[in-house]
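# A structural walkthrough
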Amino acid sequence: MEKKFASLNQENPLEVAGQSLLTRMMRQAVKQFGKKPKGLRHDDVVLEHFCINVWILGGRRIYEIFHSNFIGIFPSPSTIQDRLRTFDLPSQDGINFSAVVEYLKTNNAPPIVVLSADATGVLGCVDYHEKTNSLVGFSAPLKDNGFPDLDVFIARTTEDIVKQFNQYDRASLVMIGMIQPLLDGLSPLRLFSFGTNSKYTSIDVNNRLNFVALKLKAFGIEVAAYSADGDSREMKVMRNRIRLGASIPPSPQASSDVHSSHPSHSTEHPTGLSISDPHSLRRSFPFFVCDFLPSCIIFFQDVTHLGAKLRTRLNKTQKSIPLGNFIATTAHIVALQEIIGKDRHGLRVGDVLLEDKMNYDAVRRLSKPHVRELLSQYVPKSEGTCFYLELMDNSTSSYLDKKLSPLDRVYRMWKSVFELRYWRYWMSCDNVYPLGNHFITLNAYLCVEINAHALVMLITKLRDTPQLFKPWLFSSQPCESYFKACRSFTPVGSTQLNFTLLDFIYSRCKKVDVALRLTALGHSDNIVYPRHVKNLERYGGSEESFVCNILPSTDEIRVTMDRARIDAKAALMKLGVDVADPDDRVFAFDSRLAAKLNEPLENPAPKEDDVNEFDECEELEDEGNDPLDRNVLDEYEQSLLNVISEGQLNDYSSLLEKCVLRNENSPRPHNDPENVIHNSAFVVVTRSNGSQVAFKKRTVVWMCENGVKKQSNDRSKRVTQGHNFLLAKKLIVRVVEKRKIRIGDWCLFACENNSKKKKSRVMVGHVLSLSLINASKKDSTKPIYDWKEGDKNVGVICDWFILDNKKQRISGLLIEQAMFSHGLHPCEYYVCSVPSPTFSVSQNKSEVRLSNETVVSLQESIKSYSV
């Protein structure tokens, strides 16, 4: 054993590449044995990476335990902090351009990246940052490049601090931009981060994107794609730059020779300059409605967010989703959960709850093909729900499933587009189903359109480099992962999930940046980080992913899109969504949603997608006047200064004097005394009696903080499940009885009868949705999960059945009843509830039948009605 340890001690660190972490720790322990604490040397880079990650992920407390018990293996906390500082990203005005260059070069990644941007909430709290001598927590005005002007927050005097509190809004969000290299398994890198109040416009988004793309291009890096999560301003930029739905302009330049270099033969495009024809893909594919140039940025909407939006729409039971003779509803999924066990369907109760809108894993579970098979087998009239779940699956798996071939992705994505266009056209033929109430949201629909076009553009762009075709990397999930990591890096023992802007930018960001980079090195360092591996293999591991050596041709894509269109039409016609108009009208992009040619990016008047847009007239009025350069204080600022000057605070005049003297006595004084005071952490305040005192700037900021907006809704509350719905699930109908109606129940309802002589007809309804009959716009969005007898303003949407009978004697067989439209039936006509019937399918025929016990009990309950 001693010889084995001796051999470990003599090994060269460069010769142990690929060895396990345990072997490295043993070798380090043997090497350090017998040395004094100050003589310990830690030269194993891989082990150092692991120790830094333990410090970041576990916190100081757990690291101190390891350092004290694994002597010689874990460096001291002070050493780790010094090593951590070496990972700080170099930045230019807060943007890490040079870090991106170094990151790609170090990891041998191709010089082509995906840029994504997103924002998350922060505590609206302002803090003083001593290192930059500025206030952090305000939303800074944006420069022409779309990035904030942070110089306005320099805190030189008390007046500067007071004016900033009076002039600027607190930042309620933090915006970050992430760079994702096109190398599977390589972690993304943060490019920028800044606070905002969400009052920026789509002009700012466009300017920021152009600035980043041009800067990276100067470093030899191409921004191949830009991804967002459906923000209205990001969406507006994308629609305008690709001219989604716009017609081809009647210009002879559009069909000019693409190889000509003469300026008169070139075509200028909003996203860049090229001599290529931006309308070539429009001419190649009949229903393709976007401009494209290989040299320009391709725009994507995050597929994971898209799946969450589609699931949220399905969970909004107060607004039905009609599909011909059927309805897509979560009531069918609830019924499936009651009929068979979780071991077969694999769903969870929270998957159909509206409260947790960000449950991405629920989308994955609901979209699995076996769920649709079980619905078809056990739940009657669930064809509409199966269609909707398949739509969710195709829209997300076309990007996320790593095992799919490029043509399979094109088929799934474009089948979704054609289904939505056909379905939308069917709804628009009359006013029975208004789009705003019964279709998916416009935002989600446009996300599907943009992603379908982007997929074809991506294949065309990367045809010469097929190995870079990795659609699962073209998303804004790097931003979401970054936010999740920032919230998890909370000190041990703390339950705080939220953070201030100062905490995010100057503390948590640095930790996350290092943790992401070191975790990504786990594979090469032979260190396993289970959660990192699990995330990589969520939609198919890298080893199982489809290896793309060649991308399909234009003809192959055209054939695939035609097949998707034919299959989409057949699927909808099977549901009863049938339109007699020709395909070129039915599958055409709605011209009302098209980007207008030569339309400015911003309209003078604010519209729905730019609610917080600034007023250009007011902007011009203050042009050239820096609010911090005003010599006159307003009444509020003066009163606040008076309060600060008379405050009973600690006087730090002696410390400030030492700071000034230290500068004067130095061989090369850096600043005059006034600048030394202004750049220090103190401010000089004159009291009403003429005396001067020195306060800490941090204390002055604390006094100015008043009415700070706190995020009262803790992020953990948004995933709290609704108890009323969960408890109602347990109230399964066992016998024929009158009781509270809930979604998923089978009930008997009387039909409206204007004749007093005839008995009212009774029908069986499978309750799919409850909604107010007459409601305000605000109340119409509130979900209703059950109905108590006596409320006449609640209606029900059902799958309707007729009781099969002979001379008023029912047999138990339920016959499907087709309806012209899926409207609300008043709950006041409720008769009783019955146990769920059985559903069977044989030889392409389905049968819904009540049990014999139910038939016997029901016969007495319907004596006064007609069947």
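The coordinates are above.
Quick notes on the rules
- Residues numbered from 1 in each chain as written.
- Predicted model: local features only at pLDDT ≥ 70, side-chain atom pairs only at ≥ 80, totals over all residues.
- Heavy atoms only, no water.
- Phe/Tyr/Trp six-rings, centres within 6.5 Å; stacked < 30°, edge-to-face > 60°.
- Helix = DSSP H or I, 4+ residues; strand = E, 2+ residues; numbered from the N terminus.
- Buried < 20%, exposed > 50% of the residue type's maximum accessible area, 1.4 Å probe, protein only.
- Lys NZ or Arg CZ within 6 Å of the ring centre and 35° of its normal.
- Pairing = 2+ DSSP bridges.
- Axes fitted to C-alpha atoms, helices over the stretch in contact; angles between N-to-C directions.

Another aspect to go through is the packing of aromatic side chains. Enumeration according to the criterion identifies 36 aromatic pairs in this entry. With 5.7 Å between their ring centres and 80° between their planes, Tyr63 and Phe74 make a pair best called edge-to-face. Here Tyr63 is found in helix 4 (residues 60-69), whereas its partner Phe74 is found in the loop between helix 4 and helix 5 (77-85), with 11 residues between them in sequence. Summarising the burial analysis for this pair, Tyr63 and Phe74 share the class buried. For the ring pair Trp414 and Phe418, a centre distance of 5.6 Å and an interplane angle of 45° mean the geometry is tilted. On the criterion of helical spacing, the pair formed by Trp414 and Phe418 is a turn pair, its members being 4 residues apart in helix 17 (residues 406-428). Phe418 matches Trp414 in its accessibility class, with the two residues each being buried. Every member of this aromatic cluster is reached through a ring pair, and the members are Phe285, Phe287, Phe288, Trp414, Phe418, Tyr422 and Phe587. In this structure, Arg208 is placed above the aromatic ring of Tyr200, and the distance from its NZ or CZ to the ring centre is 5.6 Å.

Take the sheet that holds strand 5 (residues 189-196) next. Across the sheet, 5 strands lie side by side as 5-4-1-6-9; this open sheet has mixed pairing. Edge positions in the open sheet fall to strand 5 and strand 9 (298-301), since each of these has one partner strand only. With strand direction ignored, the average angle separating the axes of adjacent strands in the sheet is 20°. When strand 4 (residues 173-181) meets strand 5, the two strands line up antiparallel, connected through 7 bridges.

A few words now on the pairing of strand 16 (residues 762-772). Most of strand 16 sits out of view: 10 of its 11 residues are buried. One ladder, built from 5 bridges, connects strand 15 (residues 746-750) with strand 16; its direction is antiparallel. Bridge pairing in strand 16 links Leu748 to Val764. The sheet contact formed by strand 16 and strand 18 (residues 794-806) spans 8 bridges and is antiparallel. Bridge pairing in strand 18 places Ser771 opposite Gly795.

The next subject is the pairing of strand 13 (residues 692-696). On a regular strand, each side chain points to the face opposite its neighbour's, so the side chains alternate between the two faces of the sheet. Pairing of strand 12 (residues 682-686) with strand 13 involves 5 bridges; the strand directions are antiparallel. Bridging from a neighbouring strand, Val683 pairs with Phe695 of strand 13. Hairpin geometry of strand 12 and strand 13 is characterised by an intervening segment of 5 residues between the two adjacent antiparallel strands and by a positive phi of about 95° at Gly690.

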